[in-house]
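A look at the structure
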Amino acid sequence: MKPSTLTPFKLDMVSLGEAMVEFNQRPHSNANDAPLYAQGFGGDTSNAAIAAARAGARVGYLSRLGTDHWGECLMDLWQRENVDTTTVLRDAQAPTGMYFVSHDAQGHHFSYARAGSAASRMQPQDLAHWQDAIASSQWLHLSGISLAISATACDTALAAMAYARNVGTRVALDSNLRLSLWPLARAQACIRHAVSLCDLFLPSLEDMTALTGLTQAADIIAWSHAQGAAQVVLKLGPEGALASDGHHPGQVPGHAVTAVDATGAGDCFAGNLLARLSAGDDLWAATAYANAAAALSVQGFGAVGPLPTRGAVLDLLHAPSKGTPA
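Residues numbered from 1 in each chain as written. Predicted model: local features only at pLDDT ≥ 70, side-chain atom pairs only at ≥ 80, totals over all residues. Heavy atoms only, no water.

1. Side note on the nonpolar core
The biggest cluster of nonpolar side chains holds 49 residues, and the ones touching the most others in it are Leu-16, Ile-134, Leu-140 and Met-161. Ranked by the residues each element gives to this core, the list is headed by helix 5 (residues 151-167), at nine residues. Once residues within four sequence positions are removed from consideration, Leu-16 is found in contact with Thr-45, Leu-62, Met-122, Trp-130, Leu-140, His-141, Leu-142, Ser-146, Ala-157 and Ala-160. Of all hydrophobic cores here, the second largest spans 45 residues; its members include Leu-283, Ala-286, Ala-290 and Val-313. (Core = buried A, V, L, I, M, F, W, Y, C linked by side-chain atoms within 4.5 Å. Buried < 20%, exposed > 50% of the residue type's maximum accessible area, 1.4 Å probe, protein only. Helix = DSSP H or I, 4+ residues; strand = E, 2+ residues; numbered from the N terminus. Contact = heavy atoms within 4.5 Å.)

Quick look at the structure:
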């Protein structure tokens with residue numbers, strides 16, 4: 001159990017991973033022109049932290065960040081978004097990572113410049129700076145990318161998960177598989193182990209087919225529970241999500257919207273889900289809220305800008321139904 005001196009919780013969620021600078025391709029009128037890119041911010045766990053904060057949660061971020069200009073910009077962003085930065089370690093020997101997003105008929109595509117980034121230099125010793133924040137939070141959130149950016153980051157993330165479980169903080173893991181960062185066999189082994197340390201697993205259908213070969217939602221839910229996750233929410237894009245507590249799986253429908261950029265939609269889903277679970281919603285009510293938030297987020301460009309406020313999500317949830325999602 002969590003020590004009584006740390007209750008009530010000081011934070012609803014702390015998120016561990018890599019924040020990055022984003023350059024997102026904008027549409028332009030002349031196809032012969034060079035692509036135009038708008039500068040923003042991203043990184044899956046940072047996106048989720050900001051999404052949770054906009055939903056009203058008390059949020060902190062755990063990472064390493066460069067002492068460069070972009071690192072200062074990210075610190076300013078978090079402070080504007082009410083994300084606690086006291087646990088962000090600054091690394092003068094490494095840069096802040098960045099990525100580029102391009103768009104075509106097949107969707108959005110990522111290109112990264114993150115090798116040797118400050119976040120990739122996370123070490124298990126960094127946990128000493130983060131223990132109090134983890135122990136005083138309802139949830140520790142991290143992702144497959146948190147594990148994949150380097151071997152030491154993976155060790156750090158797993159140590160943080162084990163520590164959280166030991167002090168009674170619940171752990172949420174988003175699969176976020178990026179095979180450009182690590183070989184499939186290592187991803188399979190590390191994510192399987194991480195699922196055994198989490199209370200809530202947030203996989204996507206595409207990720208789980210690549211990781212396990214399974215293609216049916218019910219089989220993926222069963223696999224996730226078998227690894228040790230007590231709760232599972234399988235993200236199904238516009239079709240919503242399938243949520244299970246191990247006893248009562250239930251489909252939560254999505255929303256019919258015109259998507260222009262799905263960058264960060266899964267992160268938006270995760271942050272809003274954890275915000276509502278922290279507020280006391282049950283798994284299915286929190287999933288319905290997260291579905292609505294993610295539907296709003298895909299209607300604008302970039303990972304952070306379109307993240308909705310609580311008021312916008314409630315407006316969508318209370319709007320008259322327009323039929324079955326596309």
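2. What about helix 3 (residues 127-135)?
Looking at helix 3, one finds that the buried residues are Leu-127, Trp-130, Ala-133, Ile-134 and Ala-135. Those residues of helix 3 that are buried lie in contact with strand 1 (11-16), strand 4 (59-66), strand 6 (88-91), strand 9 (137-143) and helix 5.

3. A few points about the sheet that holds strand 2 (residues 20-26)
Strand order in this open sheet of four strands is 3-2-7-8, and the pairing throughout is mixed. Bordering the open sheet on either side are strand 3 (36-42) and strand 8 (107-113), each of which pairs with just one other strand. Taking each pair of neighbouring strands and ignoring which way they run, the sheet shows an average axis angle of 25 degrees. One ladder, built from four bridges, connects strand 2 with strand 7 (residues 98-104); its direction is parallel. Paired with Glu-22 across the bridge in strand 7 is Tyr-99. Taken strand by strand, helix 2 (residues 69-80) contacts strand 2, strand 3 and strand 7, and its axis lies near 60 degrees from that of strand 3. (Pairing = 2+ DSSP bridges. Axes fitted to C-alpha atoms, helices over the stretch in contact; angles between N-to-C directions.)

4. Side note on the environment of Ala-94
You can see Ala-94 is positioned in the loop between strand 6 and strand 7. In this structure Ala-94 comes out as buried when scored by relative accessible area, which is 8%. The spacing of Ala-94 and Asp-12 is 82 residues in sequence and 30 Å in space, taken between C-alpha atoms. Setting aside residues up to four positions removed in sequence, Ala-94 forms contacts with Gly-66, Gly-116, Ser-117, Ala-118 and Arg-121.

5. Some points on the confidence of the model for the protein chain
With 94% of its residues at a pLDDT of 70 or more, the protein chain has an overall mean of 90. Contacts for the low-pLDDT stretch residues 1-7, under 50 throughout, to residues beyond four places or in other chains number 13 contacts. In the model, residues 322-326 has pLDDT below 50 throughout and makes seven contacts with residues more than four positions away in sequence or in other chains. (pLDDT = per-residue confidence, 0-100.)

6. Some remarks on the pattern of salt bridges
Going through the model one piece at a time under the given rule, you end up with 10 salt bridges. Asp-91 serves as the salt-bridge partner of Arg-121, at 2.6 Å between the closest nitrogen and oxygen. Taken as a pair, Arg-121 in the loop between strand 8 and helix 3 and Asp-91 in strand 6 lie far apart in primary sequence, 30 residues in all. On the basis of relative accessible area, Arg-121 is assigned to the partly exposed category, the value being 33%. The exposure class of Asp-91 is buried, given its relative accessible area of 6%. Among the ionic pairs, Asp-174 bridges to Lys-235, the shortest N-O distance being 2.9 Å. You can see Asp-174 sitting in strand 10 (residues 170-174) and its partner Lys-235 sitting in strand 12 (residues 231-235), a full 61 residues away along the chain. By relative accessible area, which is 1% here, Asp-174 ends up buried. On the basis of relative accessible area, Lys-235 is assigned to the buried category, the value being 12%. Connected through salt bridges with shared partners, the residues Arg-64, Asp-91, Arg-121 and Asp-126 form a single ionic network. (Salt bridge = Lys/Arg side-chain N within 4 Å of Asp/Glu carboxyl O.)

7. Notes on the side chain of Thr-156
Tracing the backbone through its elements, the reader meets Thr-156 in helix 5. A distance of 3.2 Å separates a polar atom in the side chain of Thr-156 from the backbone oxygen of Gln-123. Here the side chain of Thr-156 touches Thr-152 through a polar contact of 2.7 Å, landing on its backbone oxygen. Once residues within four sequence positions are removed from consideration, Thr-156 is found in contact with Met-122, Gln-123, Pro-124 and Trp-130. (Polar contact = N/O pair within 3.5 Å; in protein donor to acceptor, adjacent residues only side chain to side chain.)

8. Comments concerning empty space enclosed by the protein
Per the stated rule, a full pass over the model turns up one cavity of 30 Å³ or more. Around the largest cavity sit Glu-18, Ala-19, Ser-63, Arg-64, Leu-65, Gly-66, Pro-95, Thr-96, Gly-97, Ser-117, Ala-118 and Ala-119, which together line it. Its residues placed into classes, the lining of the largest cavity shows five nonpolar, five polar and two charged. (1 Å grid on protein atoms, 1.4 Å probe; cavity = no way out; pocket = protein on both sides within 12 Å on 5 of 7 lines; lining within 4 Å. Points joined across faces, edges and corners; volume = space filled by probe spheres on them. Nonpolar A, V, L, I, M, F, W, Y, C, P; charged D, E, K, R; others polar.)

9. Thoughts on the layout of surface pockets
Within this model, the largest pocket holds a volume of roughly 1400 Å³. Around the largest pocket sit 49 residues that line it, and His-108, Glu-206, Ala-262, Ala-265 and Gly-266 are the ones nearest its centre. Mapped onto the lining of the largest pocket, the elements with two or more residues apiece are helix 1 (44-54), strand 7, strand 8, helix 7 (205-212), helix 9 (265-278) and helix 10 (283-297). For the lining of the largest pocket, the per-class residue count stands at 23 nonpolar, 16 polar and 10 charged.

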